[in-house]
Amino acid sequence: MRELSHYVGGQQAAGMSGRFGEVFDPCTGAVQARVPLASRDEVRNAVAAAAKAQEEWAAMNPQRRGRILIRFVDLVNRDMDGLARLLSSEHGKTIADSRGDIQRGLEVVEFAAGAPHLLKGEFSTEAGSGIDIHSLRQPLGVVAGITPFNFPAMIPLWKSGPALAAGNAFILKPSERDPSVPLRLAELYSEAGVPDGVFNVVNGDKEAVDALLEDPLVKAVGFVGSTPIAQYIYATAAAHGKRAQCFGGAKNHMVVMPDADLDQAADALIGAGYGSAGERCMAVSVAVPVGQETADRLVARLQDRVTSLKVGHSLDQGTDFGPVVTAAAKERIEGCIQAGVDEGATLLADGRGLTVEGYKDGFWVGPTLFDHVTPEMDIYRQEIFGPVLSVVRAADYDEALRLCSENEYGNGVAIFTRDGDAARDFATRVDVGMVGINVPIPVPLAYYTFGGWKASGFGDLNQHGADAFRFYTKTKTVTTRWPSGIRHGASFVMPEGS
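Residues numbered from 1 in each chain as written. Predicted model: local features only at pLDDT ≥ 70, side-chain atom pairs only at ≥ 80, totals over all residues. Heavy atoms only, no water.

Colleague: Can you explain the overall build of the protein? Please cite residues and give values.
Modeller: Looking only at helices and strands, one finds 16 helices and 23 strands in the protein. Against the 2.2 N^0.38 benchmark of 23 Å for 498 residues, the protein shows a C-alpha radius of gyration of 25 Å, consistent with a compact globule. Taking the principal axes of the C-alpha coordinates as reference, the protein spans close to 85 × 60 × 40 Å. Here the contacts in the protein between residues at least 6 apart in sequence split such that 73% fall between residues at least 24 apart. Carbon and sulfur atoms make up 50% of the accessible area of the protein, which totals about 21,000 Å². Seen as two clouds, the 47 positive and the 61 negative side-chain charges of the protein have centres 7 Å apart. (Helix = DSSP H or I, 4+ residues; strand = E, 2+ residues; numbered from the N terminus. Rg over C-alpha atoms; globule rule 2.2 N^0.38 Å. Contact = heavy atoms within 4.5 Å. Areas by Shrake-Rupley, 256 points an atom, 1.4 Å probe, with all protein chains shown as cover. Lys, Arg positive; Asp, Glu negative; His and termini not counted. Charge placed at Lys NZ, Arg CZ, Asp CG, Glu CD.)

Rendered as structure tokens:
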């Protein structure tokens, strides 16, 4: 069994707390590694190492920091195959999906390498008589990222790339369920030239999280996970005077209009609903066909496609999706399926009790499809975070729009239609942060920002894009006047722009 460590000050650091978590192979159910769970003292040591290293890193020319990030991207691409296999072995997603996880993270790091442009301030000459004003963007200092199990490469890269490019030191607290890829990324940052102590990984549970939230040297915290934890981290960070950027759960809808290409829509729902076993915050978990005829035709297509999906080992060719991450996740998802049955939804495909030949102890849940789900049912209101797709039938467009907008979550939504007017109206009026038009998973590219609304997001600034640099920097405004040789005497009035 592998013994994992922390990564502090540019090297591996053995856990000293005496507490450990188990890392499973979701395909076999076997424990494959032990990960140390940090004590408060271990977190403080990591923060101290980061604070010591940050000043020199911040003083480095932003272009040089960008070059180091570019070298890091090259190193990750060099090791892509090994990283993808390592990620799949702990998470359970397919190799192709793991490569996508890593690649979407690298795109943000590539964007962040443009820090010299993104850190530029503003300048105004003659703002007043003989007065110039300019602004500077300066790093916060030590910042932290608390990241989820479902994207063990992408989200750490989304957080760390802009933070490092802006001149901060970074403490990563990854999920203890699949920590090996984050630890390997730390080694690659060091190999690329990031100074010792600037990027650190501290594994742990709530004790480590609370230590980061309460440490006065940590100036900002970014989080992705469930809504209750996002609310807790946001409130606790704010109470300790920190910036917080916290993203929670989701219940993403996809509206299918009567004029949509139903084969295209069905394919999109299958991929977006069941890819990565539904363990994505942007997964489509609710299909909303408009009109009974549309619903009947769409459901028939979904049933045909669900029966052909292959669930299997994440390394097997042809596997559409693998297991869920833990036995507890499997039990929770199967409980949600039973709740849907008990509430009267029509179960068209039941993923419970699935076995995969040769891997009887894996954490398998097959594709599950419900029809005639209503907004009052628990399977509609809860984020299931598994391969479960619910069909909620809408009588007309207005009902579909209202359904999406009134849900407590506001992460992502999509509409499939050939009608440009309907698409434009939907994108304008729907009360959701990210919208796809004939795009089922509308994750913006790196130079736009990612963020949900309502119970899906807490904080004023989103992930990646320009918002990331606003979040990881503080603005200093400088007003300048050079002596002109003319004495004006003391003034006791508020200066005016004129």
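Right, picking up where we left off after that structure.
Colleague: Outline the sheet that holds strand β5 (residues 31–36), listing residues and values.
Modeller: In spatial order, the strands read β1-β5-β4; together these three strands make up an open sheet with mixed pairing. A single partner strand is all that each edge strand has here, and the edge strands are β1 (2–3) and β4 (20–24). Looking at chain direction, β1 and β5 are connected through two bridges and run parallel. Bridge pairing in β5 places E3 opposite R34. In this fold helix α3 (residues 80–91) packs onto β1, β4 and β5, with an angle of close to 105° to the strand it touches most, β4. (Pairing = 2+ DSSP bridges. Axes fitted to C-alpha atoms, helices over the stretch in contact; angles between N-to-C directions.)

Colleague: Could you give me a rundown of the packing of aromatic side chains, with the residues and numbers involved?
Modeller: The geometry of an aromatic ring pair is captured by the separation of the ring centres together with the interplanar angle, meaning the angle of the planes. Following the criterion strictly, the structure yields 11 aromatic pairs and no others. Measuring from ring centre to ring centre gives 5.9 Å for F24 and F363, while their planes differ by 75°; the resulting arrangement is edge-to-face. Residue F24 is found in strand β4, and its partner F363 is found in the loop between β15 (346–349) and β16 (368–371); the two are separated by 339 residues along the sequence. We classify F24 as partly exposed; its relative accessible area is 24%. A ring pair is formed by Y189 and F199, whose centres lie 4.6 Å apart and whose planes are at 45°; its orientation type is tilted. Taken together, the residues span a long stretch of sequence, with Y189 in helix α7 (residues 180–192) and F199 in strand β10 (residues 199–201) at a distance of 10 residues. Exposure class is identical for Y189 and F199. Each is buried. (Phe/Tyr/Trp six-rings, centres within 6.5 Å; stacked < 30°, edge-to-face > 60°. Buried < 20%, exposed > 50% of the residue type's maximum accessible area, 1.4 Å probe, protein only.)

Colleague: So, the pairing of strand β19 (residues 412–416): which residues are in play, and what are the values?
Modeller: With five of five residues buried, β19 is to be regarded as a mostly interior element. Burial along β19 is two-sided: G412, A414 and F416 facing one way and V413 and I415 facing the other are all buried. Two elements, β19 and strand β20 (residues 434–437), share four bridges in a ladder whose sense is parallel. Counterpart to V413 in the pairing with β20 is V435. Each parallel crossover has a hand, and the one from β19 via helix α15 (residues 420–429) to β20 is right-handed. (Right-handed = clockwise from strand over helix to strand, strands pointing away.)

Colleague: Outline the packing of helix α14 (residues 397–406) against α15, listing residues and values.
Modeller: As a packed pair, α14 and α15 sit with axes 11 Å apart at the nearest point and diverge in direction by 30°. One element, α14, and the other, α15, form an angle in the roughly parallel class. Handedness of the α14/α15 crossing: right-handed. Across the interface between the two elements, Y397, L401, C404 and S405 from α14 touch A422, D425, F426 and R429 from α15. (Parallel < 35°, antiparallel > 145°, perpendicular 65-115°, else oblique. Left-handed = near helix turned anticlockwise from the far one by under 90°.)

Colleague: How would you explain a positive patch on the surface if you had to name every residue and give the values?
Modeller: The grouping of K219, R243, K474 and K476 at the surface amounts to a positive patch. K474 sits in the partly exposed class, given a relative accessible area of 38%. (Patch = residues over 30% accessible without salt bridge, like charges linked within 9 Å, V, L, I, M, F, W, Y side chains within 5 Å. Salt bridge = Lys/Arg side-chain N within 4 Å of Asp/Glu carboxyl O.)

Colleague: Got a sec to walk through the sheet that holds strand β17 (residues 388–391)? Specific residues and values, please.
Modeller: Judged by pairing direction, the sheet is mixed, and its seven strands sit side by side in the order β15-β16-β17-β14-β13-β19-β20 without closing on themselves. This sheet does not close on itself; its edge strands, each paired only once, are β15 and β20. Ignoring strand direction, the axes of neighbouring strands in this sheet form an average angle of 20°. Sitting on the sheet, helix α10 (residues 262–274) is in contact with β13 (252–256), β14 (284–289), β16, β17 and β19, with an inclination near 170° to β13.

Colleague: Explain the pattern of salt bridges residue by residue, including any values.
Modeller: By the definition in use, this model includes 28 salt bridges. In this structure, the salt-bridge partner of E3 is R34, at a minimum N-O distance of 3.0 Å. One end of the pair, E3, is in strand β1; the other, R34, is in strand β5, with 31 residues separating them in the sequence. Its relative accessible area of 30% is what places R34 among the partly exposed residues. Beyond isolated ion pairs, a larger network of salt bridges with shared partners links R78, D79, R184, E187 and E191.

Colleague: Tell me what's going on with the packing of helix α8 (residues 206–214) against helix α9 (residues 227–239), and back it up with residues and numbers.
Modeller: With their axes 9 Å apart at the nearest point, α8 and α9 run at an angle of 35° to one another. When α8 is examined against α9, the residues K206, V209, D210 and L213 are found in contact with a partner set consisting of Y232, I233, T236 and A237. In the contact of α8 with α9, the residues fall into five nonpolar, one polar and two charged. (Nonpolar A, V, L, I, M, F, W, Y, C, P; charged D, E, K, R; others polar.)

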